[in-house]
Amino acid sequence: MVDHTPRLGLGTYEQGEQWNHTDAVEAIDAHAIVHGPISERPATGEYDDELYHATDQGITWRWDAASDDWTYFSGRGSDEQPVPGTSHFTTARLTHARTAETPVWNVEAHDIEGDGETAVGQAVHDLFKDIADAGGGIVYFPPGRYLLERTPLIGDDTIVLGAGRSTVLVGIRPDGENGRALLSNMGYDEPGYDGASNWGVCNVRIDSPESTGIMPAHAANVRLERIYGDRIHYHHIDVVSSKNVVIDGYWATRGGEGESDAPVQFDSQQSGTGWNSVWDGSADVLVADDGTPTRDCTLTNFEIDPANDPDYGIHLHRGTNEGITITDGTITGCEYTAIRADPDEQIVDLTIDCVSCLENARGITLGEIEDGRQGLTINNVTIRTEDGDVAAGSGLYAAGFDGAAISNVTVDGPFTNAIIFDDMADLKLSTVTATGADHQSFRFRANVDATLTTARAADCGTVGLYVGPDSRVAYGGVTFDDVGDEVVVDGDLREWVSS
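Computed from a prediction, not measured in an experiment: that's the story for all the values here.

**Q** Any chance you could break down the overall build of the protein for me, citing the residues and the numbers?
**A** Of the regular secondary structure elements, the protein holds one helix and 35 strands. Residues counted as buried form 57% of the 499 residues belonging to the protein. Across the protein, the fraction of contacts at a sequence separation of at least 24, relative to all contacts at a separation of at least 6, is 61%. A total of about 18700 Å² of accessible surface is found on the protein, and carbon and sulfur atoms cover 43% of it.

As structure tokens, then:
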């Protein structure tokens, strides 16, 4: 027999009983998860979105009334019965929030309706607080359009889980208060990384032209998975002074409508910063501005294809940003550049791998700075713009790094120059192709110490390889095809020939 008594350690809650938030620790969600072996899962569910956790599989199943069948909901599977491609929340190490005793809270059981008409932000915020007080859990938002008139704050060990694109979150804001966060976390106003930790948001769509989207702030160990971004005021995801944030599965159809419009931003809240805030329903409250760096964060498995031509696709804004990895994705349609770091801002250990920047004005622009940056890796990257009316500036530009490795990179298109570097120490380039530039393929403009091997410069208007003042470049295995001058040197160039 399946035990239908919720084994959640939080008491009992009868179907139909009036919910009281003050009884959070004593009460249990009416639609709490049922546990049992997979062989004892009922043939049919009792209601739409009913959840059954198969203890021997390590998988939670959801009853889908529309298809009249059980569908996969969450879980990684057991060692004996793994589920390919479902590594939910493992990176964030949400150990407490994913024990066998963890409740699943269905917001519909708490009179939170996604009807597209009722403001439910305060009710969601109160529920999040109850769940945090109860030790964390999974909050399920069934299909619907949820209007959040304030920023609900997520607590420790809490997972917000939707039903995919059909679960839509909308921030509604008063006139003049556009851009305040749609969702954030408790402790956003604490120093360091003392905000909420071990939390996540999964399987939701953001369609919120009056707010910014999800804003981890002074948070740690966060996972944002399968986020669908439509209309937004600033950014769908803005990581502010946080560490160990993983964004895995992100699809953007639009950039922001406000002054700062990159769909994804990595940010550090510096002293005096007047942006990055939550809206508590009556006032704007800023994130703590102690200069905590954003550290050890990953964006992976993404597609940024905005219809409204934002300036940037991914923005590293206000330093320091440390240990940022951008991998396995595509960025198109940006008016200035696909990936940007602000000039004069510090970066440590930036990795861009397996990324395609297609039909943007520029591909990667790591703004000008004389020194202080450390560690840049760009690998398996394609930067290509075919439209001469779109391409502008440099396809790839970087400055101020001590230690950089660039390999298996193609820059192709009528950019002003294909690749430019300034003020770089210990720069190594290999297997790099630069074609189609109006002027120069490789431009080591000023104070660059570099090695260039197995490269190709082609179809450029003036110079294949330029070495500027105070630059020192050693090169070999470079081919030139249909360039003006192959090499122009105003610095120091050394060529070696393999025997």
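Further notes follow.
**Q** Report on the nonpolar core, specifying residues and quantitative values.
**A** If you look at the biggest cluster of nonpolar residues, it comprises 93 residues, and the most contacted ones within it are Ile314 and Phe444. By residue number, the principal contributor to this core is strand S30 (residues 417-435), which donates eight residues. If sequence neighbours within four positions are ignored, Phe444 has contacts with Phe421, Leu427, Leu429, Ala450, Leu452, Leu465, Tyr466, Val467, Gly468, Ser471 and Val473.

**Q** Explain helix H1 (residues 121-133) to me, using residue names and the numbers behind them.
**A** Here H1 spans 18 Å end to end across 13 residues, near enough to the 18 Å set by a 1.5 Å rise per residue. Looking at H1, one finds that the buried residues are Gly121, Val124, His125, Leu127, Phe128, Asp130 and Ile131. Downstream of H1 by one or two residues, Gly135 has phi in the positive range, about 100°.

**Q** Quick rundown of the side chain of Asn360? Include the residues and the values.
**A** Structurally, the position occupied by Asn360 is in the loop between strand S25 (347-358) and strand S26 (364-366). Looking at Asn360, the relative accessible area reads 1%, which means it is buried. Within the structure, the side chain of Asn360 is placed 3.0 Å from the backbone oxygen of Ile331, a separation counted as a polar contact. In this structure Asn360 touches Ile331, Thr332, Gly333, Cys334, Ala338, Thr385, Val390, Ala391 and Phe415, once residues within four positions along its chain are discounted.

Conventions and cut-offs
Residues numbered from 1 in each chain as written. Predicted model: local features only at pLDDT ≥ 70, side-chain atom pairs only at ≥ 80, totals over all residues. Heavy atoms only, no water. Helix = DSSP H or I, 4+ residues; strand = E, 2+ residues; numbered from the N terminus. Buried < 20%, exposed > 50% of the residue type's maximum accessible area, 1.4 Å probe, protein only. Contact = heavy atoms within 4.5 Å. Areas by Shrake-Rupley, 256 points an atom, 1.4 Å probe, with all protein chains shown as cover. Core = buried A, V, L, I, M, F, W, Y, C linked by side-chain atoms within 4.5 Å. Expected span 1.5 Å × (residues − 1). Polar contact = N/O pair within 3.5 Å; in protein donor to acceptor, adjacent residues only side chain to side chain.

That is the geometry; function is a separate question.
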